[in-house]
Amino acid sequence: MMAAALRGSLVTLAKGLSGARLQPLCARSLSVTSSQNVSESPPARADSTFKVTMVPGDGVGPELMTAVKEVFKAADVPVEFEEFHLSEVQNMASEEKLEEVLSSMKNNRVAIKGKIHTPMEYKGELASYEMRLRRKLDLFANVVHVNSLPGYSTRHNNLDLVIIREQTEGEYSSLEHESVSGVVECLKIITREKSRRIAKFAFDYATKKGRSKVTAVHKANIMKLGDGLFLQSCAELAELYPKIKYETIIIDNCCMQLVQNPYQFDVLVMPNLYGNIIDNLAAGLVGGAGVVPGESYSAEYAVFETGARHPFAQAVGRNIANPTAMLLSASNMLRHLNLEYHSNMVSEAVKKVIKQGKVRTSDLGGYATSEEFTRAVISNLAV
Amino acid sequence: FGGKTWYIKVSFTCLKSKYLEELNIQTVTLIPGDGIGPEISTAVMKIFEAAKAPIQWEERNVTAIKGPGGRWMIPPEAKESMNKNKIGLKGPLKTPIAAGHPSMNLLLRKTFDLYANVRPCVSIEGFKTPYTDVDLVTIRENTEGEYSGIEHLIVDGVVQSIKLITEEASRRIAEYAFEYARNNQRTSVTAVHKANIMRMSDGLFLRKCREVAENYKDVKFTEMYLDTVCLNMVQDPSHFDVLVMPNLYGDILSDLCAGLIGGLGVTPSGNIGANGVAIFESVHGTAPDIAGKDLANPTALLLSAVMMLRHMGLHGHAKKIETACFDTIRDEKVLTKDLGGNAKCSEFTADICRRVQDMD
């Protein structure tokens, strides 16, 4: 450990060239780390309530948002929601709507949202509304903290993983073209700047939360230049954090290890598509899309949503969706706003209901409806 | 009196067809590979002999050589043998990092146009994993997609990798998937894609799958997003039957499914090429640390060989060998180290041979 640290610092001293390259990075890093400390720049407040943008999205999004609003009302949380109904499938979308949402978000700095579904047919633009939102706000880091819920056992218990995913480039570039009829090319873009940014975010996050290891997930044996650049960026950043162990693993081996022995991982960092896969895999390990919260960060904004993002259209109107993920995400949002007391109140109530096991939605093997679950959470709030 | 003649006639016909079947020995190219490759290949040959399978082995080496023009290629004897026999069985190959030549598997794939990678994943009784009742097949397009190998450094610090999807390759893999489902009594085929994000490329793949599905009305066709498949796979894998998908997703999902049943040491795999060529292989590594010590587990190569027998239509022998192998593992008395036991490779092999002979 000591030797590695010494080696690391010796390398940066000896390699004058890399030393020079690392200088501008340090200057950039300030804006990245500030995203984690809201106390430096509090979001817009009005009469000591916080204003938060809410975009319910499609599918069961509106139902989950209702649950959040009800719980917040019962817990007397000083948060006011500004709702926007942006949707690509319901034709409620338009450029002006998107602009409205963006300006509200830029004002409030914090948002909570459901999944805006992307239809497979496209009219003109290849990028979906979700992707454009992410790009315009530069929400480059998606963090999903996968935690086993106490009281609900799955095949793998006591999991505690953090998955950090680069969200603005990679395979989701939306740059596709049909060169000749029947031959389609899709571009995957990897840049050094964004790879470094997400790597720095991952290491900063690991340091802040007291994590011991960061594992980079890649496929550089096949995509030598693309994922090779990503790996190189991660390795360069790893040298700046001698206290944190750095490892790499290939994506297919990673998936296999996650189902055989997920306890070997701590923090995982990866480009866009692999992040999508691993997010969902890990969510499945602890109980599904209904129980894992997630958040997206940019240098200035924070958006809270579920970890595995699915509109779950087949559950609309049937009152069976599990509000756990959205409620836990809302609790994380309260912590981000420095409302520690309310944050703990909400998350404790949710965890208590799950632990008791009497009121569970169908995805966790129970028979309760979403409303019943929400009411159970409200009754367990230690006001 | 007439009854007896009839009896003699029938028994003679049976004997004749059995004799003909025994004479109908097929030659298969065997590529032992590196590391533990030779040991497990020997094990498989022994078991096949014990089962009296009508297979004759032709051993070949595929270490890359530089052909005329400076291009790397596999030795001409190996290529000739494969083209003649059409069926091959391959052990693990090592790709030395600084050898200068591309990965051997890539070379084989290009030489024989191996476009479909088929991996059946079935839970093995006796080898406990948290996931029981897995019974699915992943069929992966193996020639294009994200592994096209076309990458460019645009400017310093910006790299572009190209994912290529063509109509021809998508149609070919979809057709193979449905044919496979039909020939193996599978009920449904699911296309796995991300057409909500990669609307043009995966959209094309999906369109082709839908078109081919029209010709196979007896097989149910569904489509599912890759992330939904991953989510559901780790919660309840029994929902899935045959999965067909482009290259990268196939790579990830097939390894995920291998993890569900116990890892690469027990997973069979087959590569189907154009012109009727098919190479069955074990997908684990060469394990140089245990090479030559009689500790290797031949299960993966054996199950791949069983897959090969089924491909060739020798279902009887396939069933016999497979049952013997599963029985040995279920019994848990003679298991190699990676399966949780202490036996040597030769002991494990001998046990399977004994069971096969007992079945006759």
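Here the structure is a predicted model, which means the values were calculated and not measured.

**Focus: the overall build of chain A**
- If you tally the helices and strands in chain A, you get 12 helices and 13 strands.
- Put simply, chain A has 383 residues, and 58% of those count as buried.
- Residue pairs at least 24 apart in sequence account for 75% of intrachain contacts in chain A once pairs closer than 6 positions are excluded.
- Total accessible area computed for chain A in this model is approximately 15500 Å², and 53% of it derives from carbon and sulfur atoms.

**Remarks on the sheet that holds strand E8 (residues 151–155) of chain B**
- Read from one edge of the open sheet, four strands run E7(A)-E8(A)-E9(B)-E8(B), paired in antiparallel fashion. The open sheet terminates on both sides in strands that have one partner only, identified here as strand E7 (176–180) of chain A together with E8 of chain B. For this sheet, the mean angle separating the axes of adjacent strands, direction not counted, is 35°.

**As for the pairing of strand E7 (residues 135–141) of chain B**
Residues and elements named next belong to chain B.
- The element E7 is largely enclosed, with a buried count of six among its seven residues.
- With seven bridges joining them, strand E6 (residues 114–122) and E7 adopt antiparallel strand pairing. When the sheet's bridge partners are listed, Cys121 is paired in E7 with Leu136.

**Concerning the nonpolar core**
- By size, the foremost hydrophobic cluster in this structure holds 125 residues, and its most contacted members are A:Val79, A:Ile112, A:Ile164 and B:Met233.
- For this core, the element with the highest residue contribution is helix H9 (residues 272–286) of chain A, accounting for nine residues.
- Other than its neighbours up to four places away in sequence, B:Met233 contacts B:Leu136, B:Phe240, B:Leu243, B:Leu253, B:Leu256, B:Cys257 and B:Leu260.
- In terms of nonpolar packing, the next biggest core, distinct from the first, is built from 71 residues, B:Ile55, B:Ala174, B:Leu204 and B:Cys325 among them.

**Looking at the packing of helix H2 (residues 37–50) of chain B against helix H9 (residues 299–312) of chain B**
Residues and elements named next belong to chain B.
- It is the contact of H2 with H9, at a shortest axis distance of 9 Å, that shows an interaxial angle of 50°. Here H2 is positioned oblique relative to H9, judged by the angle of their axes. Viewed along their axes, H2 and H9 form a crossing whose handedness is right-handed. Mapping the contact onto sequence places Ile40, Ser41, Val44, Ile47 and Phe48 in H2 and Leu301, Leu302, Ala305, Met308 and Leu309 in H9.
- Classifying every residue of the contact of H2 with H9 gives nine nonpolar, one polar and no charged.

**Description of the packing of aromatic side chains**
- This structure, assessed with the given rule, holds 11 aromatic pairs over all chains.
- Seen from their ring centres, B:Tyr176 and B:Tyr180 are 6.2 Å apart, and the 45° between their planes marks the pair as tilted. In this pair, B:Tyr176 and B:Tyr180 are both assigned in helix H5 (residues 167–183), four residues apart and thus about one turn of the helix distant.
- Given a relative accessible area of 15%, B:Tyr176 falls into the buried group.
- Both rings, one in B:Phe178 and one in B:Tyr216, keep their centres 5.3 Å apart while their planes meet at 20°; by these two values the pair is stacked. Separated by 38 residues along the polypeptide, B:Phe178 in helix H5 and B:Tyr216 in the loop between helix H6 (201–214) and strand E11 (220–225) bring together distant segments of the chain.
- If you follow A:Arg132 out to its NZ or CZ, it ends over the ring of A:Tyr129, 4.9 Å from the centre.

**Side note on the domain arrangement of chain A**
Residues and elements named next belong to chain A.
- Parsing chain A into structural domains produces domain 1 (49–145 + 289–382) and domain 2 (153–286).
- Here the C-alpha centre of domain 2 lies 24 Å away from the C-alpha centre of domain 1.
- Facing the 21 residues of domain 1 at the interface are 22 residues of domain 2.
- Note on domain 1 versus domain 2: buried area summed over both sides is about 1900 Å², and carbon and sulfur give 52% of it.
- The interface formed by domain 1 and domain 2 contains one salt bridge.
- Its salt-bridge partner being Asp138, residue Arg197 comes within 2.8 Å of it at the nearest N-O pair.
- The interface formed by domain 1 and domain 2 contains 13 residue pairs in polar contact (both at pLDDT 80 or more).
- When contributions to the side of domain 1 that touches domain 2 are tallied by element, the ones reaching two or more residues are helix H5 (129–137), strand E5 (141–147) and strand E12 (293–297).
- With five residues, E5 is the largest single contributor of residues to the side of domain 1 that touches domain 2.
- Of the residues in the side of domain 1 that touches domain 2, the class split is 12 nonpolar, five polar and four charged.

Basis of the calculations
Each chain has its residues counted from 1, following the order in which its sequence is written. Chains carry letters from A onward and ligands carry numbers from 1 onward, assigned in written order. Local features in a predicted model are, by the rule used here, given only for residues with pLDDT of at least 70; side-chain atom pairs are given and counted only at 80 or more, and totals for whole chains, interfaces and linings are based on all residues. With hydrogens and water excluded, all non-hydrogen atoms of the structure serve as input to the side-chain values. Under the scheme used here, helices are H or I runs from DSSP no shorter than 4 residues and strands are E runs no shorter than 2 residues, and both carry numbers assigned from the N terminus. Burial classes follow relative accessibility: with a 1.4 Å probe on protein chains only, a residue under 20% of its type's maximum area counts as buried, one over 50% as exposed, and anything between as partly exposed. Every residue pair with non-hydrogen atoms within 4.5 Å of one another is taken to be in contact. For accessible areas, the Shrake-Rupley method is used with a probe of radius 1.4 Å. Any residue's cover is judged against the shown protein chains and nothing else. By definition, two strands form a pair when at least two bridges between them are found by DSSP. Only C-alpha atoms enter the line fits that serve as axes; for helices the fit covers just the stretch in contact. Angles between N-to-C directions range over 0 to 180 degrees. For our purposes a nonpolar core is just a set of buried Ala, Val, Leu, Ile, Met, Phe, Trp, Tyr and Cys residues, chained together by side-chain atoms within 4.5 Å. Convention used here: angles under 35 degrees read as roughly parallel, angles over 145 as roughly antiparallel, angles from 65 to 115 as roughly perpendicular, and any remaining angle as oblique. With the far helix as reference, a near helix turned anticlockwise by less than a right angle produces a left-handed crossing, and one turned clockwise produces a right-handed crossing. As a working rule, the residues Ala, Val, Leu, Ile, Met, Phe, Trp, Tyr, Cys and Pro are called nonpolar, Asp, Glu, Lys and Arg charged, and the rest polar, with Gly in that last group. Aromatic pairs are defined between Phe, Tyr and Trp rings, using the six-membered ring for Trp, whenever the two ring centres lie within 6.5 Å; interplanar angles under 30 degrees are classed as stacked, those over 60 as edge-to-face, and all others as tilted. Only when the NZ atom of a Lys or the CZ atom of an Arg is both within 6 Å of the ring centre and within 35 degrees of the ring normal do we say a charge sits over the ring. Delimitation of the domains relies on an automatic or database domain assignment. A quick way to say it: buried area is the sum, across both parts, of accessible area lost when two parts are put together, with a 1.4 Å probe. One side-chain nitrogen of Lys or Arg within 4 Å of one carboxyl oxygen of Asp or Glu is enough to make a salt bridge. N or O atoms within 3.5 Å of each other form a polar contact, as long as, within protein, one can give a hydrogen and the other can take it, and as long as residues adjacent in sequence are counted only when both atoms are side-chain atoms.

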